[in-house]
Amino acid sequence: MRIARLIGSRLIGVVIVLLVVTAVTFVIFYLLPSNPAQLSCGKPCTPENLARAKDYLGLNLPWYGQFWEFLKGIVAGRTFGTGAGAIACAAPCFGYSFQLNTPVTELILTRFPVTASIAVGAAVLWFIAGVAGGAAAAVWRRRAADRAIMTVAIAGVSAPAYLVGMLLILLFGFALGWLPTGGYEPFGDDPVGWFTHLLLPWTALAFISAAVYARLTRSELIDQLGQDYIRTVRAKGLTEGRVIMRHGLRNALIPVVTLFGLDLGALLGGAVISERVFSMQGIGALLITSIGSRDLQVVVGVTLFAAFLIAIANVLVDIVYGLIDPRVRARA
Amino acid sequence: MSPTSPAPVLSVRDLSVSFSAGDAAGTAEAGRVVDSVGFDLAPGRVLAVVGESGSGKSVTAMSVLGLLPDSATVTGSVRLEGRELIGAPAAELRAVRGGRIGTVFQEPMSAFDPVYTIGQQIAEAIRVHRPGVRGRALRDRVHELLRSVGLPEAHRIAASHPHELSGGQLQRSMIAMAISCDPVAIIADEPTTALDVTVQAGILDLLRALRDERGTAILLITHDMGVVADLADDVLVMRRGEALESGPVADVFDRPRSDYTRGLLAAVPTLTELSETDAPAGQQPVQKTPAAPVSAPVPAPAPAAEPEPEPTVVLDGASVVFRRRGAAVHAVSEVGFTIGRGEVVGLVGESGSGKSTIGRALVGLVPISAGRATVGGVELGRAGRRERRRVRSRIGYVFQDPASSLNPRNTVGTSIAEPLALHTGDSPAARAARARELLEQVQLPPEFADRYPHELSGGQRQRVAIARALALEPELLIADEPTSALDVSVQASVLELLERLQARHGFACLFISHDLAVVRRLADRVVVLQAGRVVEQGPAAEVLAAPAQPYTRRLLAAAPVADPAAQALRRAQWRELEAVAE
Amino acid sequence: MNGLGSVWGHIRRDPWALGGVIVVGVFVLAAIFAPLITAINGQDPYTYHLHALDGSGAPKGFGGGISWQHWFGVEPLTGRDLFAIVVYGSRLSLTVGVLATAVAVAIGVAVGLTAGYFGGWYDRIASRVVDVMLGFPSLIFMISLTAIAAAAFPRPVLMVLVIGFFGWPAVARVVRGQTLSLRQRTFVVASEAMGAGDGHVLWRQLLPNVGATIIVYATILVPAMIGTEAALSFLGVGVPPPTPSWGRTIGDAVAWFSTDPAYLAFPGGALFLVTLALNAFGDGLRDALDPRVNRRRGIRSKSTTAEPGKPGAHEEVTA
């Protein structure tokens, strides 16, 4: 079965990519001329703390020993330090915050629902709005609707997310008082509150991303509608609506879906800006906080987590790509 | 148009099409592209609309279906079975498209939607016009249609995606789709142009069967006089949007009324004349290699039989193997032939036969994986970097596609002087002077040196490419399909130029072409390739007049000639050969 | 294919692109002559004006303290002149934007051109790296990198390198795609057949033909780079104070924008305006240079690809 082979070959690929990503991250953060112990020691950094951090990180080991520990932590878990003060870190161990006395994996997992709520909701919104807008612009090319949609889109592409977010807060939060100005409400506690708190971040993120998707969808669809096969389909007597939906859009969406997978994967690793603007304690906020408190373990852990997500997203996109484009499947 | 034909199904009167200059680009092309054209298409007859590029023949066909872009303005009258189509409501036009008129397009590879299977696409065409047909009945209908167009493996074809099928299979599927709703007429827009001759002959036969068995009227759009002679009952010759003349095919071919038609017919290189005349006189004698069985490697001509100077090119058991995703693909297998000094060797074969690969291997663009290839005494496999460069400086290369053979960012003069810049120490002024001189040799004004390629026509660009190839006075000229992208009248003049330059400079020439008639015109000797192997070689006169191998015979018989009577004979011959082959 | 003149002609007829050119021009002039412009009413971006603030540190008066001295009002807590901050801030934004683009384009073109031309395993690895990097959560990586960079390392240079480095994959992908299709064009093959070396083909044949794409891409990349610099500064990991930066000012405004919207409006507006102008200009440039726009000629020029026996496009019978 071709699809099974495609998935198989991609799974081998993901292991390699993950290994490379881990190695690159390790090299950047532990081998480049910086001072990992210093950066992991926290504030205030007393000499005892520094010595402890050095010991925990195994910085007296040669570099390959350090990398092995690092890698082992992710796959099988590791132990920081030796003797009575040793700290066990279960797999997948993305590090251990000595300041917070918590494994980084645990920190990430407690924050993940926040980030995921923002990312998934916004992604659904921007995909629908972007594809619909782009398709409409392509169909009514050079007409008023196209100009209007593309004007909004170029504004969306140019506006930074935080600016849009702050304007939304100003309008719907402060001026109108309809929606909360920030914070997060877990879905389990209060589904309505969850929704109202997320509505503004979703809108802000969706607005700027939908603009990108609308532009991409428009240019892809225009390209597809100029292809030879569209003429064949028209010559069959299909209505223009079916020509566009079943054939033009079906082909135009192939690259759009690819981009979507990657964007969503990247955003799940931390919606840094939205979390800051809307005061939400997601993974992005964790990263910013730990940079402020000089907690390198968390910084590296979050970075690696984000990299893992994107590597996995890449593979998923590849597989989906093979499913929606028979030409790719054939090459697997 | 012929008075004996029954009431026409499609009747076109005073059809004019013009494009508004609404698009920012293309102002030069705005204006009227079809001017007061009229014709009648009768059931059971084939009307060929013939013309060169820019004649408006495709636009005419598409305007019948209302498939022109919005920027087109169509006036006049198009009546299908008595109903007016111009200005008809969209729903009515849609019922005609696919329902009453089926369409077959030029490029089968790009005319199908890549993401759906052939079966899905044919089923869609049926469902649009017959919503009641679904499920099992629909599937059976699709398979039946595919079998009826000569695709016995209907199940496999229906389940395949377009990229998994060959051009011939796709074009047959396209015809199956066109006839899926039993149309009264089919518009076939250059249906065989992108196909090999043997495949083309099959498709033309299929169209003929539709006409004869179903009584379908066929509007055939083509530039190829051979195709017209083969299939058409009536002809309409178009030039620059105007209908020049029309009538039954025999009349137009025998007694063309306009000079243009006469010129067009005269420009078509012919194959038949060869059987009457002898080999061109004044050429050096060439010995014919005994033809080997198709499967066995062809032994190279014995070097001992070469008493005088070594030939310019010697290929001996040469193979080229590509690796595609781990699998070895034998593009060229154990090929052996020579090109003597000043000799023109025609290399013929269908697409995928490896003929272009041989040309590329001779300049070292593709490595030879086994065997021996010598150019000008240098063995390519053993040559070092420097020596290979020297070999390249002694070879001129002319490629097929005039649209992309010149760097669009460089002036014509710069392009022509490129080999000089690479291989000589000439000053820029000397190079410019030489470029002008070369332009004159290819019969272009020297002022063209300052122009850019997009300002030139295809034929002019091809002349520039020839000038560039001759810049270093090469020992060998490799011409890879140099005229196949050109209109016939232009093709004729480019061939004439090549002939004259060869006579003047005396370079050896490897002339690669799929078109036997073109090869026949230039080549002293012919090498026939099939699937990477040499099937037959020998003097052009012998091979093309009395081929020894069945493959060559089929190739020859499949190539249509621009003479209806002669073509009917060839067709019978081809059918016989096909029957034997199967 | 299109001369410079025709490009300009196209831009001039496109109101969005023309507006973009003008706005970008104004910002470039403002960045160059920042000291002269702010000297008109004797302001600079560093001096505190505590007298312009009320007890809570908010600016006194309308619109964040807009007055004859302070055209855009003043910064809360410090009272620094907001107009001077915005004008000087354009220096950082534009410089980082342009230089980071230069870094991205240089790496991207080098990788894309060679990958597309040489192909093989080198191309496969390069493409894979590009694929992974394109989807990369680059903002997270950039933030993390700023955390480990030595404090002594000049921040603006770090910004340029980090932002530029994460920008190259997009350029490489586009250039590689173009190179792949150019490679098929016979003038490139012809050049090789003539005995041209790799260097000649890359420099003389390929690079000039991807030039238009590179220019368009660079133009669209600059606003993206400016946005990234602003985002990093907004998050507090960009250029440290007191160097004026739009992004950092907007970040500071998070705490104030419900009481002092003008503090957000001016730097935010400047950032939005210059990004919008560059995008509009880039779009216009793309339309002017895009061969696809010129391809739109309908049925008549359908046969631009070469197939055996296909009639060439626009051949005149009388040639």
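Position numbers for residues start from 1 in each chain and track the written sequence from start to end. To read the labels, note that chains go from A and ligands from 1, taken in the order they are written. Given that this is a predicted model, residues contribute local features only at a pLDDT of at least 70 and side-chain atom pairs are listed and counted only at 80 or more, while totals for whole chains, interfaces and linings are drawn from all residues.

In this section: the overall build of chain B. A run of DSSP states H or I qualifies as a helix once it reaches four residues; a run of E qualifies as a strand once it reaches two. Both are numbered from the N-terminal end. Within chain B, the regular secondary structure consists of 22 helices and 20 strands. The size measure is the radius of gyration over C-alpha atoms, and the globule rule it meets is 2.2 Å times the number of residues to the 0.38 power. Computed over its C-alpha atoms, the radius of gyration of chain B comes to 26 Å, within 12% of the 25 Å expected for a compact globule of 582 residues. Overall, chain B is about 75 × 55 × 50 Å in size when its C-alpha atoms are taken along their principal axes. Burial is judged by counting other C-beta atoms within 10 Å of a residue's own C-beta: 20 or more means buried, 12 or fewer means exposed, and anything between counts as partly exposed, with every C-beta placed from the backbone. Burial statistics for chain B: of 582 residues in total, 56% are counted as buried. Contacts in chain B between residues far apart in sequence, at least 24 positions, make up 69% of those at least 6 positions apart. In this description, any two residues whose backbone-derived C-beta atoms lie within 7 Å of each other are considered to be in contact.

Turning our attention to the UniProt feature "transmembrane region" (unreviewed entry) in chain A. Residue and element names in this part refer to chain A. UniProt positions are given in the numbering used here, feature names are shortened, and annotations may be inferred rather than shown by experiment. The positions that UniProt labels "transmembrane region" (unreviewed entry) are, in the present scheme, residues 12–32, 116–140, 152–174, 194–214, 252–273 and 298–324. The straight-line gap between the two end C-alpha atoms of residues 116–140 is 35 Å; of that span, 96% is helix and 0% is strand. Structurally, residues 152–174 is divided into 91% helix and 0% strand, and its ends, taken at the C-alpha atoms, are 24 Å apart.

This part covers the sheet that holds strand E11 (residues 313–324) of chain B. All names here are of chain B. Read across the open sheet, the four strands follow the order E12-E11-E14-E15; overall the sheet is antiparallel. Each edge of the sheet is formed by a strand with only one pairing partner; in this case those strands are strand E12 (327–339) and strand E15 (378–379). For E11 and E12, the ladder comprises nine bridges, and the chain directions are antiparallel. If you follow Ala318 over to E12, its bridge partner there is Val335. Strand pairing is assigned whenever DSSP identifies at least 2 bridges connecting the two strands.

Turning next to helix H3 (residues 47–57) of chain A. Residue and element names in this part refer to chain A. Taken residue by residue, H3 has Ala53, Tyr56 and Leu57 as its buried positions. Buried residues of H3, seen end-on, are gathered within an arc of 90 degrees and therefore sit on one face of the element. Projecting away from the buried face of H3 at angles above 90 degrees are the exposed residues Pro47, Glu48 and Ala51. Lining the buried residues of H3 we find helix H2 (36–40) and strand E1 (78–80). Arc definition: it is the arc formed by the directions from the helix axis to the C-beta atoms.

Of the consecutive residues Pro241 of chain C and Pro242 of chain C, the connecting peptide bond is found in the cis state with omega at 10 degrees. Structurally, Pro242 of chain C can be placed in the loop between helix H10 (198–234) and helix H11 (246–253). Of note, the phi angle at Ser36 of chain B is positive, near 50 degrees, even though the residue is not glycine. The partly exposed category is assigned to Ser36 of chain B, around which 14 C-beta atoms lie within 10 Å. Backbone geometry places Glu190 of chain B, a non-glycine residue, at a positive phi of 50 degrees. Among the structural elements, Glu190 of chain B can be located in the loop between strand E7 (185–189) and helix H8 (197–214). Taking the number of C-beta atoms within 10 Å as the measure of exposure, Glu190 of chain B has 25 and is therefore buried.

Per the UniProt record, "domain: ABC transmembrane type-1" (unreviewed entry) is found at residues 112–321 of chain A. Span residues 112–321 of chain A is 82% helix and 0% strand, its end C-alpha atoms 27 Å apart.

A separate point is the interface of chain A and chain B. A common way to report how large an interface is uses the accessible area buried once the components associate. With 19 residues of chain A at the contact, the number on the chain B side is 23 residues. Within the residue set of the side of chain A that touches chain B, elements represented by two or more residues are helix H9 (228–235), helix H10 (240–268) and helix H14 (326–331) of chain A. Per-element accounting of the side of chain A that touches chain B gives the leading share, seven residues, to H9 of chain A. Among the residues forming the side of chain A that touches chain B, the class breakdown is six nonpolar, six polar and seven charged. Each residue gets one of three labels, nonpolar for Ala, Val, Leu, Ile, Met, Phe, Trp, Tyr, Cys and Pro, charged for Asp, Glu, Lys and Arg, and polar for the others, Gly among them.

For the rest of this paragraph, the subject is the pairing of strand E13 (residues 344–348) of chain B. Residue and element names in this part refer to chain B. Extensive coverage of E13 is indicated by the burial of five of its five residues. Where E13 lies against strand E18 (residues 508–513), five bridges are found, and the strand directions are parallel. Residue Val345 lies in a different strand from E18, and its bridge partner there is Leu510. As judged from the four bridges shared by E13 and strand E19 (residues 525–530), these two strands associate in the parallel manner. Its bridge partner lying in E19, Leu347 is registered against Val527.

Moving on, we come to the packing of helix H4 (residues 118–129) of chain B against helix H7 (residues 167–178) of chain B. All names here are of chain B. Under this scheme, a helix contributes an axis fitted over its contacting stretch, all axes are lines through C-alpha atoms, and angles between N-to-C directions fall in the 0 to 180 degree range. The N-to-C vectors of H4 and H7 enclose an angle of 20 degrees; their axes lie 9 Å apart at closest approach. Between H4 and H7, the angle is such that the two are roughly parallel. Judged by the sense of rotation from one axis to the other, the crossing of H4 with H7 is right-handed. Side by side, H4 and H7 meet where Ile118, Gln121, Ile122 and Ala125 of the first sit next to Ser173, Ala176 and Met177 of the second. Note that the term roughly parallel is reserved for angles under 35 degrees, roughly antiparallel for angles over 145, roughly perpendicular for angles of 65 to 115, and oblique for everything else. Here a crossing is taken to be left-handed if its near helix is turned anticlockwise relative to the far helix by less than a right angle, and right-handed if that turn runs clockwise.

Now for the confidence of the model for chain A. Known as pLDDT, the predictor's per-residue confidence is scaled from 0 to 100. On average, residues of chain A score 85 in pLDDT, and 95% of them reach the 70 mark or higher. Confidence scores differ between elements of chain A, with H14 of chain A showing the lowest mean pLDDT of 66 and helix H5 (residues 104–139) of chain A the highest of 93.

Residues and elements named next belong to chain B. Take Arg388: it is sitting in helix H14 (residues 385–393). Looking at Arg388, the number of C-beta atoms within 10 Å reads 16, which means it is partly exposed. A C-alpha to C-alpha distance of 45 Å links Arg388 and Val115, two positions 273 residues apart in sequence. Apart from residues no more than four positions distant in its own chain, Arg388 is found in contact with Gly364 and Ala383.

Consider a sheet: its strands pair through backbone hydrogen bonds, and that pairing is either parallel or antiparallel. Residue and element names in this part refer to chain B. With antiparallel pairing, the four strands of this open sheet are ordered in space as E2-E1-E4-E5. The open sheet has two edge strands, strand E2 (31–41) and strand E5 (83–84), and neither has a second partner. In terms of strand pairing, strand E4 (residues 72–80) meets E5 through two bridges, oriented antiparallel. In the sheet register, Arg79 faces E5, and the bridge partner there is Glu84.

All right, on to the nonpolar core then. Core analysis: the biggest nonpolar cluster contains 376 residues, and Leu219 and Phe511 of chain B have the highest contact counts within it. Of the residues forming this core, the biggest block, 18 residues, is contributed by helix H5 (residues 82–118) of chain C. Structurally, this core is a two-domain feature, drawing no fewer than three residues from each of domain 1 (116–182) and domain 2 (313–548) of chain B. Any nonpolar core is a set of buried residues, restricted to Ala, Val, Leu, Ile, Met, Phe, Trp, Tyr and Cys, that join up through C-beta atoms within 7 Å. Delimitation of the domains relies on an automatic or database domain assignment.

Residue and element names in this part refer to chain C. Relative orientation of the contacting elements H10 and H11 amounts to 40 degrees, with a least axis distance of 7 Å. Comparing the axis directions of H10 and H11 gives the class oblique. In the crossing of H10 with H11, the sense of the turn from one axis to the other is right-handed. Residue-level contacts link Glu229, Ala230, Ala231, Leu232, Ser233 and Phe234 of H10 to Trp246, Gly247, Arg248, Ile250 and Gly251 of H11. Residues belonging to the contact of H10 with H11 are distributed by class as follows: six nonpolar, three polar and two charged.

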